[in-house]
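# Coordinates in review
Each chain is listed here by its residues.
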Amino acid sequence: MFVKIWQALVSGLSVGSIYALIAQGYYVTYITTGALNFGQGEFLMIGALFGVTCYITLGLPYAVAVVASVVLLSAMGAGLERIAIRTTLRHALSLSWVLSTVAVSIIVRNAAVQIWGPEQVKFPSPFGDKVLRIGEAGIFPQELFIIFGSIGTVLLVQFFLKRAVLGKALTAVAHNRRAAAVMGIDVQRMVVLAFVLSSALAGLGGVLIAPITFAWAYMGTVPGIKAFAAAIIGGLENPIGILIGGLAVGVLEQFFGIINSNLKEGITFLFVLLILAVRPTGLMGRKEIEKV
Amino acid sequence: MRARGWLQTAAVGAFAWFALAAAGEVLAAEPVKIGFSVSLTGGTDDYGKAAMMGFKLALKEYNAKGGYKGQPVEAVIYDDETKPAKGVENVTRLITRDNVVAIVGPVNSGVALAIIDIAQKQQITLMDTIATAEDIIKRYSKEPKNYIFRVSLNDGIQTSFMIDYIQKKGLKKIGLMHDSTGWGQSGRDTALRLMKEANIPVSAGPEVFDQNDTDMTPQLTKMKEANVDFIIAYSLAPAGVQIAKSMQKIGIAVPWTGTWGLLAPNFLRLGGKDLTNGVMAVTSYTVDHSENAKKFHAWVDKEYAADGGDFWPVATAQTYDGTRLVLRALDKVAPDPARLDDRAYMKEVRQKMRDAVESIDDFTTAVTKMKPRPFAPDNHESLGRDSGFLAIWRDGKVVRAQ
């Protein structure tokens, strides 16, 4: 029994850390603009497929492929902000960004099918396929890399937001747009930065998981949705909550897979409904105080 | 004035165009059309693409010999995107708008189970050359006239080869797993039924997994705890690779098998030689099992050299034979091409096509292992217990399992 739980924990952490990484992207744009990119999953997919092009087709080193994907996705993030966000956020209460980001995600997916085809592509792990043992549990080196890479990146982003000047400016915009503008911060640029950062995280997620999931045009939808669920569970405005939420979703799925494999897929969303009913701001979200 | 002159010219032109078009229709009889609806995109697109090669070659060969009454038979090809709803749309369109005499397809069992109702109701022959769910043929087998035919080993027959193997090797503890698609669930039911009949208990499972799952350790851990010595998995190739990987992860190294989906080319492409080594699957066809098969394999390789040659031989060969059976039936029915627009006449032609397919008894040129009389009123499965065997992956090649 212990081995089973230990294996589920190890496997769950590697899946969950990717959810956490994508969800961090939702967080960054949500706090700055109140909007988020519902195409995060598709952006992740582009990261993975572009990684294939760099790493396999062009034969570049894995590190270069990672950087190239992150750069490409950063550019796509800036583009997304320009065409799908800036135009729709002009009106204060507008929800059009939901539709426009979904539209972009569909376009991106279809474009990917045109460019890379609908087939799964093998992305050999640069760390090899030899199973490592942590106690009794087995894990692929790539999965270990995913766990450390994702959690490390999430912490790095937090460090950037709290310590770096640019990050502080972004955080200031998140707290109070008008005050930040008065202080001489270029709000528009910070919004672009938020989307660049968010998309870059998705791109990184893509190159990280491709060796485990294969790379293909339809790979992003499910992780995108589950990461969103993780963000809701953890609390969209709490980065640490999101990290824990992501890991929790990954581990929960594996645990319920042990109890009954029929529960594995549905359990996350059941959990979301439960959280929304009991704590609408998420497990670790701040309670909103309404003044009457 | 000028505007009016222009209008007049346009009116005369339009009239002339309509008149010509109408005349053209009277002069040239409408070509006979055969429908083809398979997955060219989506989960089972490899099968669809390979099937299309077989379909096109059969038509090409037929038309090269003069076609039907001197006119080439036309193909109407649609992609069902591996979606049942799209498959229903395609078949409805083929029947009502494109006016085809028979339909070849689909490749996905989930899609097939959704469209056989229309084919049966509209009384049009549906030649399934890939999809394996038992119910595709069974559902209407008690009707006076079943319009569905198959050139593929159904899941029951495939599973029976696995059970033969289990009994021959004296394996005692069997694990069962399946994907959550319609096909996976029907496979599970088939396996449970046949294992019960053979008195083999299921020691672990049935465990379900999503076809896009990347980690099957929870399901496989249960197999490991139950100490299974053999696993049957209804899985397509991509999930099959994940099963093999997860088995490595938790350190369970028992032989396991699936249906012919695990012989698909992407199993080797995604899994590589080491991972696929020792994985078993049922098949009905190898490229060198007969002279006909050898010749056909060389022909496909040559015709489709640019598209990777005969990349999925089973799918291509079965569809080639299935399409040729439909064309042979067309020759037997010999409808009048000029009257195909007449709905009542077309209905009659389609009914006769079905009867003709059922009664073909001189099909000696098959590339698959089917008899000269592939079908009978009480049997719409052309491939049976004598046409298949359990194969195993060895160093990237498929060989017969001993």
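Residues numbered from 1 in each chain as written. Chains lettered and ligands numbered in written order. Predicted model: local features only at pLDDT ≥ 70, side-chain atom pairs only at ≥ 80, totals over all residues.

### Examining the overall build of chain A
Regarding its fold elements, chain A presents 11 helices and two strands. Traced from its N-terminal end to its C-terminal end, chain A shows the element sequence α-α-α-α-β-β-α-α-α-α-α-α-α. Within chain A, buried positions represent 52% of all 292 residues. (Helix = DSSP H or I, 4+ residues; strand = E, 2+ residues; numbered from the N terminus. Buried ≥ 20, exposed ≤ 12 C-beta atoms within 10 Å, placed from the backbone.)

### Considering the sheet that holds strand β12 (residues 397–400) of chain B
All names here are of chain B. Spatial strand order, β7-β6-β8-β9-β10-β11-β12: seven strands in an open sheet with mixed pairing. Each edge of the open sheet carries a strand with a single partner, namely β7 (202–209) and β12. Adjacent strand axes in the sheet meet at a mean angle of 30° when their direction is disregarded. In terms of strand pairing, strand β10 (residues 280–283) meets strand β11 (residues 389–394) through four bridges, oriented antiparallel. Counterpart to T283 in the pairing with β11 is F389. Against the sheet, helix α8 (residues 217–225) contacts β6 (174–179), β7 and β8 (230–234), and its axis sits at roughly 180° relative to β7. (Pairing = 2+ DSSP bridges. Axes fitted to C-alpha atoms, helices over the stretch in contact; angles between N-to-C directions. Contact = placed C-beta atoms within 7 Å.)

### Side note on the nonpolar core
Ranked by internal contacts, the top residues of the largest apolar core, which has 208 residues, are A23, A48, A215, A230 and A231 of chain A together with V326 of chain B. The element contributing the most residues to this core is helix α8 (residues 187–213) of chain A, with 17 residues. The contacts of A230 of chain A, once residues within four sequence positions are left out, are Y19, A20, A23, I242, G245, G246 and V249 of chain A. (Core = buried A, V, L, I, M, F, W, Y, C linked by C-beta atoms within 7 Å.)

### Digging into the sheet that holds strand β3 (residues 102–104) of chain B
Residues and elements named next belong to chain B. The strand order across the open sheet formed by five strands is β2-β1-β3-β4-β5, and the pairing between neighbours is parallel. Either end of the sheet is taken by a strand with one partner, and the two such strands are β2 (74–79) and β5 (148–150). Each adjacent strand pair in this sheet contributes to an overall mean axis angle of 20°, direction not counted. Bridge analysis of strand β4 (residues 125–128) against β5 gives three bridges, and the strand direction is parallel. Looking at the pairing, M127 lines up with F149 of β5. Running over the sheet, helix α2 (residues 45–64) touches β1 (33–38), β2 and β3 and is turned about 165° from β1. Across the face of the sheet, helix α3 (residues 84–96) comes into contact with β1, β2 and β3 while running at roughly 175° to β1.

### With respect to the interface of chain A and chain B
Taken together, the contact pairs 24 residues of chain A with 22 residues of chain B. Of all elements in the fold, only α1 (2–33), β2 (137–139), α8 and α10 (239–259) of chain A reach the threshold of two or more residues within the side of chain A that touches chain B. Of the residues forming the side of chain A that touches chain B, the biggest block, five residues, is contributed by α1 of chain A. Across the side of chain A that touches chain B, the residue classes break down as 10 nonpolar, nine polar and five charged. (Nonpolar A, V, L, I, M, F, W, Y, C, P; charged D, E, K, R; others polar.)

### Some remarks on helix α7 (residues 182–197) of chain B
All names here are of chain B. With 16 residues, α7 extends 23 Å from end C-alpha to end C-alpha; this agrees with the ideal 22 Å at 1.5 Å per step. Among the residues of α7, W183, G184, S186, G187, R188, T190 and A191 are the ones counted as buried. Buried residues along α7 sit in contact with α4 (109–122), α5 (135–138), α6 (155–169), β6, β7 and β8. Directly after α7, the chain includes N199, whose backbone phi takes a positive value near 65°. (Expected span 1.5 Å × (residues − 1).)

### Focus on helix α9 (residues 221–234) of chain A
Residue and element names in this part refer to chain A. Here α9 spans 20 Å end to end across 14 residues, near enough to the 20 Å set by a 1.5 Å rise per residue. Of all 14 residues that make up α9, 11 are buried, and the element is covered over most of its length. The complete set of buried residues in α9 reads P223, G224, K226, A227, F228, A229, A230, A231, I232, I233 and G234. The secondary structure elements touched by the buried residues of α9 are α1, α2 (40–57), α10 and α11 (267–278).

### A short note on unusual backbone geometry
The linkage connecting G105 of chain B with the following residue, P106 of chain B, adopts the cis geometry, with an omega of -10°. For P106 of chain B, the position within the fold is in the loop between β3 and α4. The phi angle at F214 of chain A is positive, at roughly 70°, despite the residue not being glycine. Topologically, F214 of chain A is positioned in the loop between α8 and α9. At N227 of chain B, a residue that is not glycine, the phi angle is positive and equals roughly 55°. Residue position: N227 of chain B is located in the loop between α8 and β8. Classification of N227 of chain B as partly exposed rests on a count of 13 C-beta atoms within 10 Å.

### A short note on the domain arrangement of chain B
In many analyses, interface size is given as the accessible surface area lost on bringing the parts together. Residues and elements named next belong to chain B. Domain assignment breaks chain B into domain 1 (33–153 + 288–386) and domain 2 (156–283). Summarising the inter-unit geometry, the C-alpha centres of domain 1 and domain 2 are found 29 Å apart. The leading source of residues in the side of domain 1 that touches domain 2 is α4, at three residues. (Domains from an automatic or database assignment.)

### Some thoughts on the environment of Y320 of chain B
All names here are of chain B. Secondary-structure assignment places Y320 in helix α12 (residues 313–333). Exposure remark for Y320: the 27 C-beta atoms within 10 Å place this residue in the buried category. Sequence separation between Y320 and V367 is 47 residues; the distance between their C-alpha atoms is 8.3 Å. The residues contacting Y320, other than those within four sequence positions of it, are G54, L57, A58, F296 and V367.

### Quick look at the packing of α1 of chain A against helix α5 (residues 141–163) of chain A
Residues and elements named next belong to chain A. Two elements in contact, α1 and α5, have axes whose closest approach is 8 Å; the angle formed by their N-to-C orientations is 30°. As summarised for this structure, α1 and α5 are arranged roughly parallel, according to the angle between their axes. Crossing angle aside, the handedness with which α1 passes α5 is left-handed. Contact residues: L13, S14, S17, I18, A20, L21 and Q24 in α1; E143, I146, I147, S150, I151, T153, V154 and V157 in α5. Looking at the contact of α1 with α5, its residues break down into nine nonpolar, five polar and one charged. (Parallel < 35°, antiparallel > 145°, perpendicular 65-115°, else oblique. Left-handed = near helix turned anticlockwise from the far one by under 90°.)

### What about the confidence of the model for chain B?
Here chain B shows a mean pLDDT of 86. Residues at 70 or above account for 93%. Scoring of the predicted complex yields 0.79 for pTM and 0.81 for ipTM. (pLDDT = per-residue confidence, 0-100.)

### Concerning the packing of α1 of chain A against α9 of chain A
All names here are of chain A. Packing of α1 against α9 leaves a shortest axis separation of 8 Å and a crossing angle of 70°. Judged on the interaxial angle alone, α9 and α1 are roughly perpendicular. Along its contact with α1, which presents I18, Y19, A20, I22, A23, Y26 and Y27, the element α9 presents P223, G224, K226, A227, F228, A230 and A231. Of the residues assigned to the contact of α1 with α9, the class counts are 12 nonpolar, one polar and one charged.

### Examining the pairing of β8 of chain B
All names here are of chain B. Within β8, five of the five residues are buried, which leaves the element mostly enclosed by the surrounding structure. Every second residue of β8 is oriented toward a common face, with F230, I232 and Y234 on one face and I231 and A233 on the other, all of them buried. As paired strands, β6 and β8 are joined by five bridges and run parallel to one another. What sits directly across from G175, in β8, is I231.

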